[in-house]
Amino acid sequence: MRVTADGGWELLSDKGATVSTMEIDAAVAGRALVVVVDDRTAHGGVDSLGPLVTELLTEAGFLVDASVSVAADEVEIRNALNTAVIGGVDLVISVGGTGMSPRDVTPEATEEVLDRVLPGISEALRSSGLAAGSLDAGLSRGLAGVSGSTLVVNLPGSRAAIRDGMATLGPLASRVIDELSGLSE
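Within every chain, residues take consecutive numbers counted from 1 along the sequence as written. Note on the predicted model: pLDDT of at least 70 is required for a residue's local features to be given, and 80 or more for side-chain atom pairs to be given and counted; whole-chain, interface and lining totals, by contrast, use all residues. Where side-chain values are given, they derive from all heavy atoms of the structure, hydrogens and water being excluded.

- Naming follows an unreviewed UniProt entry, where the protein appears as Molybdenum cofactor biosynthesis protein of Nocardia aurantiaca.
- Quoted verbatim from the Pathway (unreviewed entry) field of the UniProt record, the comment on the protein reads "Cofactor biosynthesis; molybdopterin biosynthesis." UniProt positions are given in the numbering used here, feature names are shortened, and annotations may be inferred rather than shown by experiment.

### Looking at the overall build of the protein
Part 1 of the argument: Where helices and strands are cited, they refer to DSSP runs of H or I of at least four residues and of E of at least two residues respectively, numbered from the N terminus. Assigned secondary structure in the protein consists of 7 helices and 9 strands.
Part 2 of the argument: The classification of residues rests on relative accessible area computed with a 1.4 Å probe and restricted to protein chains. Under 20% of the type maximum is buried, over 50% is exposed, and intermediate values are partly exposed. Within the span of the protein, comprising 185 residues, buried residues form 42% of the whole.
Part 3 of the argument: In the protein, of all internal contacts separated by at least 6 residues, the share reaching a separation of at least 24 is 70%.
Part 4 of the argument: Split by element, the accessible area of the protein, about 9,600 Å² in all, is 55% carbon and sulfur. Whether two residues are in contact is decided by their heavy atoms, any of which lying within 4.5 Å being enough. Methods summary: accessible areas were calculated by the Shrake-Rupley approach with a probe of 1.4 Å, and residue burial reflects only the protein chains presented.

### Here's the deal with the pattern of salt bridges
Part 1 of the argument: We count a salt bridge whenever a side-chain nitrogen from Lys or Arg sits within 4 Å of a carboxyl oxygen from Asp or Glu. In total, this model carries 6 salt bridges according to the counting rule given.
Part 2 of the argument: For the salt bridge of R40 with D38, the shortest nitrogen-to-oxygen distance reads 3.9 Å.
Part 3 of the argument: Under the relative-accessibility criterion, R40 is labelled exposed at 66%.
Part 4 of the argument: Assessed through its relative accessible area of 21%, D38 is described here as partly exposed.

### Looking at the environment of D47
Part 1 of the argument: Counting through the fold element by element, D47 comes out in the loop between α1 (39-42) and α2 (49-59).
Part 2 of the argument: The spatial distance from the C-alpha of D47 to the C-alpha of V68 is 9.6 Å, given a sequence separation of 21 residues.
Part 3 of the argument: For D47, the side chain forms a polar contact with the main-chain nitrogen of G50, separated by 2.8 Å. Polar contacts here mean pairs of N or O atoms no more than 3.5 Å apart (in protein, one a potential hydrogen donor and the other a potential acceptor; neighbouring residues in sequence count only if both atoms are side-chain atoms).

### Section: the nonpolar core
Part 1 of the argument: One finds L57, L91, I93, V153 and M166 to be the most contacted residues of the largest nonpolar core, which totals 27 residues.
Part 2 of the argument: Mapped by element, the contributors of at least two residues to this core are β4 (30-37), α2, β5 (62-70), β6 (91-95), α5 (119-131), β8 (144-147), β9 (150-155) and α7 (159-181).
Part 3 of the argument: Here this core takes 6 residues from α7, the largest share from any one element.
Part 4 of the argument: Excluding residues within four positions of it along the chain, M166 makes contact with V53, L56, L57, I93 and L155.
Part 5 of the argument: The definition of a nonpolar core used throughout is a set of buried Ala, Val, Leu, Ile, Met, Phe, Trp, Tyr and Cys residues joined through side-chain atoms within 4.5 Å. Of all hydrophobic cores here, the second largest spans 18 residues; its members include L33, V92, V105 and A109.

### A word on α2
Part 1 of the argument: L49, G50, L52, V53, L56 and L57 are the residues of α2 that are buried. What you see down the axis of α2 is that its buried residues fit within an arc of 165°, all on one side.
Part 2 of the argument: Looking at the buried residues of α2, the elements they touch are β4, β5, β6 and α7.
Part 3 of the argument: Backbone geometry just downstream of α2 places G61 in the positive-phi region, at approximately 95°. By arc we mean the arc of the directions from the helix axis to the C-beta atoms, nothing more.

### Quick notes on the pairing of β9
Part 1 of the argument: Burial within β9 is extensive, with 6 of its 6 residues counted as buried.
Part 2 of the argument: Here β9 shows a buried face lined by T150, V152 and N154 and a second buried face lined by L151, V153 and L155.
Part 3 of the argument: Any two strands with at least two DSSP-identified bridges between them are counted as paired. In the sheet, β8 pairs with β9 via 4 bridges, with the strands oriented antiparallel. Bridging across to β9, S147 finds its partner in T150.

Structure, rendered in structure tokens:
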């Protein structure tokens, strides 16, 4: 198989002749970017969270532009979020840095990027996570809101909180993105 210039796929026989062509539909839900806030990952450690979020976003119909890792530093986090917004993605998911330690500064960095806060999304993520047994989700200070025409959401950096958060976020994100793009009018 190989990708064609128009984004489709061609199935090649063992002799290189084209057997058939298959079109791939564009992402239904929109474009997304993942920001992993973790000092170890940002300095070359193994990223176990970015691939998980990417997989869950892809399953939800998003085209994930990239997963980037930044240190737990307000300026680095804010720059990554702003770059995603300027890049025109529909959804930015940050994971990590939402707890109570002095290094957990993701909400502070996010607050500076947002035009409007959507507290209902943050409350839903905390509530569903806590109900599912994720203390990290229940104690998260993560924010959700809109910057320009991009939905920005902070999730805690635990696998359980991410899995539950993404399940809760799916329909909410779709609704916000539809409203921001004018599709729900």
